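Tertiary structure, described
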Amino acid sequence: MDAAKRLIALTLFGLMALSSAAAQSAAGTAENAGLPAQYAATAIGQGGATSGKSFGVNIYITGVTNDEEAGEYKAVLKEKGPDGLVSALGKAKDLGRIAPTGSVGTGVRFVRIRPTPDGGQHIVMVTDRPISMAELFNSTRSRDYPFGVVVMNVDKSGKGTGTLAPICKIRFNKKGELEIEHYGQKPFRLANLRREK
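The paragraphs below set out a description of the structure included in this document.

Calculation criteria
Residues numbered from 1 in each chain as written. Predicted model: local features only at pLDDT ≥ 70, side-chain atom pairs only at ≥ 80, totals over all residues. Heavy atoms only, no water. Helix = DSSP H or I, 4+ residues; strand = E, 2+ residues; numbered from the N terminus. Buried < 20%, exposed > 50% of the residue type's maximum accessible area, 1.4 Å probe, protein only. Contact = heavy atoms within 4.5 Å. Areas by Shrake-Rupley, 256 points an atom, 1.4 Å probe, with all protein chains shown as cover. Phe/Tyr/Trp six-rings, centres within 6.5 Å; stacked < 30°, edge-to-face > 60°. Expected span 1.5 Å × (residues − 1). Bend = angle between axes of the 7 residues up to and from the residue. Polar contact = N/O pair within 3.5 Å; in protein donor to acceptor, adjacent residues only side chain to side chain. Core = buried A, V, L, I, M, F, W, Y, C linked by side-chain atoms within 4.5 Å. Pairing = 2+ DSSP bridges.

Further remarks concern the overall build of the chain. Scanning the chain for helices and strands turns up three helices and 10 strands. Along the chain, helices and strands appear, N-terminal first, in the series α-α-β-β-α-β-β-β-β-β-β-β-β. Relative to its 197 residues, the chain shows a buried fraction of 49%. Excluding contacts between residues fewer than 6 apart, the proportion of contacts in the chain whose partners are at least 24 apart in sequence is 61%. Of the roughly 9,600 Å² that the chain leaves accessible, carbon and sulfur atoms contribute 49%.

And the structure:
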């Protein structure tokens, strides 16, 4: 696993594995996480067919996944694999949306928010289907990569950095480690990330 994959995997695993007590203070509720929220950024390709390409993206967050739900998703992924997680997320309500400028975008079913020591937030968002960016991809998407993942780190003013991985596979390997595999390219870098609402 390369550094980018390991970072996202460890982030996602860490948020899923929060204890109930920690989750109450770390992930919190929509109210104490300052929601609803709207972010804007420029997504910049870092390799492959998308290298150097960029586009605007809006990110909306209306709710958070609680600790009990996160634990259930983790158990489903371990027991039933990615297909089981797709099914479980498909039954959940949208907690946000990721929308390239000019498009309706893709609903997000998993959102975890953790406060950082500087008063900012670490945000992880997962959708159970690829994020719609048809204009950027010429190849056929694989059914084996049914997830999209966004990770953002913002300061107390709402500005920061992040990554957007539109086509991913999420699974536990034989060692019990959570892995995220990207389909054909590195994650997009989210530049000029800022909170607008």
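Time to look at the packing of aromatic side chains. Summed over the entire model, instances satisfying the criterion amount to two aromatic pairs. Centre to centre, the rings of F55 and F188 are 5.3 Å apart; their planes meet at 75 degrees, and the pair counts as edge-to-face. Here F188 lies in strand β10 (residues 188–195) and F55 lies in strand β2 (residues 54–61), a separation of 133 residues in the sequence. Each member of the pair, F55 together with F188, is buried.

Turning our attention to helix α3 (residues 67–90). Given a rise of 1.5 Å per residue, 24 residues ought to cover 34 Å, yet the end C-alpha atoms of α3 are separated by just 18 Å, more than 12% below that figure. The sharpest bend along α3 measures roughly 135 degrees and falls at K80, with the proline P82 sitting one to four residues further on. Inspection of α3 places D67, A70, Y73, K74, L77, G81, G84, L85, A88 and L89 among the buried residues, and these make up the whole buried set. Capping the start of α3, N66 holds a side-chain oxygen 3.1 Å from the backbone nitrogen of E68, two or three residues further along.

Attention now goes to the nonpolar core. In terms of nonpolar packing, the biggest core is built from 25 residues, with Y39, V57, I61, M125, M152 and L190 touching the most fellow members. The set of elements that each furnish at least two residues to this core consists of β1 (37–44), β2, β5 (110–115), β6 (121–127), β7 (147–154) and β10. When near neighbours in sequence (up to four residues on either side) are disregarded, L190 contacts A41, T42, A43, V57, I59, V150, M152, T161, G162, T163 and L164. One finds Y73, A88, A165 and I180 within the second-largest nonpolar core, a separate group that totals 18 residues.

Two elements, β1 and β10, share five bridges in a ladder whose sense is antiparallel. Looking at β10, one finds that I44 is bridged to R189. Relative to β10, strand β8 (residues 159–172) is paired through five bridges, and the arrangement is antiparallel. Residue pairing across strands places G160 opposite L193, the latter belonging to β10.

Across the eight residues of β1, six count as buried, placing the element largely inside the fold. As paired elements, β1 and β2 share eight bridges and run antiparallel to each other. Note that in β2 the partner of Y39 across the bridge is I59.

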